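Reading the structure
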Amino acid sequence: MREKLEQIRKEALQNLADVNADLEEIRVRYLGKKGELTSVLRSMGQLSPEERPKIGQLANEVRESIEQEISRRAAQAKDLLLQAKLKSEKIDVTMPGEEPSVGHLHPLNRVQREMEEIFIGMGFSIAEGPDVELDYYNFQALNIPEGHPARDTQDTFYISDKVLLRSQTSPVQVRVMEKQKPPIRIISPGRVYRSDALDATHSPLFHQMEGLVVDKGITMGDLKGMLETFAKKMFGDSTRIRFRPHHFPFTEPSAEVDVSCFVCGGCGCRVCKGEGWIEILGAGMVHPFVLSNCGIDPEVYSGFAFGMGIERVAMTRYGIDDIRLFTDNDARFLNQF
Ligand code: DAH
């Protein structure tokens, strides 16, 4: 029986030495109710009274050593598992994190805000008007009656005979003057619409910024000085401006205003197409008809107005040659700003 017990111990420990040993299966095989050790213990009745305690002690030792080995192996397996897990799930805390990509202002919004800042610095406040506008404000009140040729150049989208998508921000002038008495000093940025086909320089939707100043004794000199200040702040200190006589129905006299090319400084290059100048806006002295339309006496007050394309300013400023880039949503373009 002694040999039998030693045999069991040896075999069990051998089995347990196998790395792939199934610990539970070994426990059942040797120590379980029907296990080998148990059946040896059951037959202890046949032993002599002197031998019984000795064999009993040995059997206990064998049981203990098998149990110990099983729990040692179990702990080891658990540890191995943990090590493997730690290895595979390792986090390198010194590794630089993944930077979330943070968006930024669209170049148009950015330029618009810069323009607003410049005018706010000169005492202007911001006024808003609706995109869906009455024919009256978009045309008639601005001295563009039905059938006037100026309507051809500003063909837009009509909701009905009398309601349209505004083709310019100039109607905000009228809305402001109807509500507010001079002194008036506002800018009005916003969307405008024209039924133009989309190409490198035209878009059915673009943005303008209107400006209006009305007070006693306002002259064209004020307009010029103010625009020059704006141009220098927007395009750089060495920028010059040039007024060219033009015609707008709602201003008299009227002018188109150019800025000296920010690339060549005025000697002519690719950006200004050899001109040395880039047109950025229309302006003039508010027509007396428009003032009196809004209940402002042109004998007492005078004013100037201007309107510029925000895309135009952004394109000039950044040397962008295609207006479609603003709406293509191509990150390679947008990330440059
Ligand atoms: N509204 C004109 C346009 O879209 C631009 C303009 C010209 C606005 C002269 C003005 C102005 O306020 O005085 O072409």
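Bear in mind the structure is a predicted one, so any value in this text is a computation, not a measurement.

Quick notes on the domain arrangement of the chain
The domain boundaries assigned to the chain delineate domain 1 (2–88) and domain 2 (107–334). A straight line from the C-alpha centre of domain 1 to that of domain 2 covers 95 Å.

Some words on a negative patch on the surface
A surface patch of negative charge is lined by D152, D155, D196 and D199. Along the chain, the position of D196 falls in the loop between β4 (184–193) and β5 (205–215).

Some thoughts on the site of the ligand
The local shell around the ligand holds 16 residues, among which Q168, S170, R194, Q208 and E210 are the closest. Here a nitrogen atom of the ligand sits 2.6 Å away from a polar atom, N or O, in the side chain of Q168. In this structure, Q208 approaches the ligand through a side-chain N or O atom, which is 2.9 Å from an oxygen atom. Protein coverage of the free-state accessible area of the ligand, which is 360 Å², stands at 92%. When the residues that make up the shell around the ligand are grouped by side-chain class, the tally is five nonpolar, nine polar and two charged.

Some thoughts on the environment of R240
Examined against the element boundaries, R240 turns out to sit in the loop between α9 (220–235) and β6 (241–248). Once the C-alpha coordinates of R240 and D18 are considered, the two residues, 222 residues apart in sequence, prove to be 91 Å apart.

Concerning the pattern of salt bridges
Inspection of every chain in the model, using the stated rule, returns 14 salt bridges. Residues R29 and E25 are paired through a salt bridge, measuring 3.4 Å at the closest nitrogen-oxygen approach. Linking R29 with E25, this pair stays in helix α2 (residues 23–31), spanning four residues, or about one helical turn. A relative accessible area of 30% means that R29 is categorised as partly exposed. Residue R317 is joined to E114 by a salt bridge in which the shortest nitrogen-to-oxygen separation is 2.8 Å. With R317 in helix α11 (residues 310–318) and E114 in helix α5 (residues 107–121), this residue pair connects regions lying 203 residues apart in the sequence. Within this structure, R242, R244, E256 and D258 form a network of salt bridges that share partners.

Section: the pairing of β6
The two faces of the sheet receive side chains in turn, since in a regular strand these alternate between them. In the sheet, β6 pairs with strand β7 (residues 251–260) via seven bridges, with the strands oriented antiparallel. Among the inter-strand pairings, R242 is bridged to a residue of β7, identified as D258. What sits between the antiparallel neighbours β6 and β7 is a turn of two residues.

Observations concerning the sheet that holds β5
Ordered in space as β1-β4-β5-β9-β8-β7-β6, the seven strands form an open sheet in which the pairing is mixed. In the strand order of this sheet, the two ends are held by β1 (125–126) and β6, each with one partner. One ladder, built from ten bridges, connects β4 with β5; its direction is antiparallel. Residue pairing in the sheet places I184 in a bridge with V214 of β5.

The rules behind each value
Residues numbered from 1 in each chain as written. Predicted model: local features only at pLDDT ≥ 70, side-chain atom pairs only at ≥ 80, totals over all residues. Heavy atoms only, no water. Domains from an automatic or database assignment. Patch = residues over 30% accessible without salt bridge, like charges linked within 9 Å, V, L, I, M, F, W, Y side chains within 5 Å. Areas by Shrake-Rupley, 256 points an atom, 1.4 Å probe, with all protein chains shown as cover. Salt bridge = Lys/Arg side-chain N within 4 Å of Asp/Glu carboxyl O. Lys, Arg positive; Asp, Glu negative; His and termini not counted. Charge placed at Lys NZ, Arg CZ, Asp CG, Glu CD. Helix = DSSP H or I, 4+ residues; strand = E, 2+ residues; numbered from the N terminus. Near = heavy atom within 4 Å. Polar contact = N/O pair within 3.5 Å; in protein donor to acceptor, adjacent residues only side chain to side chain. Nonpolar A, V, L, I, M, F, W, Y, C, P; charged D, E, K, R; others polar. Buried < 20%, exposed > 50% of the residue type's maximum accessible area, 1.4 Å probe, protein only. Pairing = 2+ DSSP bridges.

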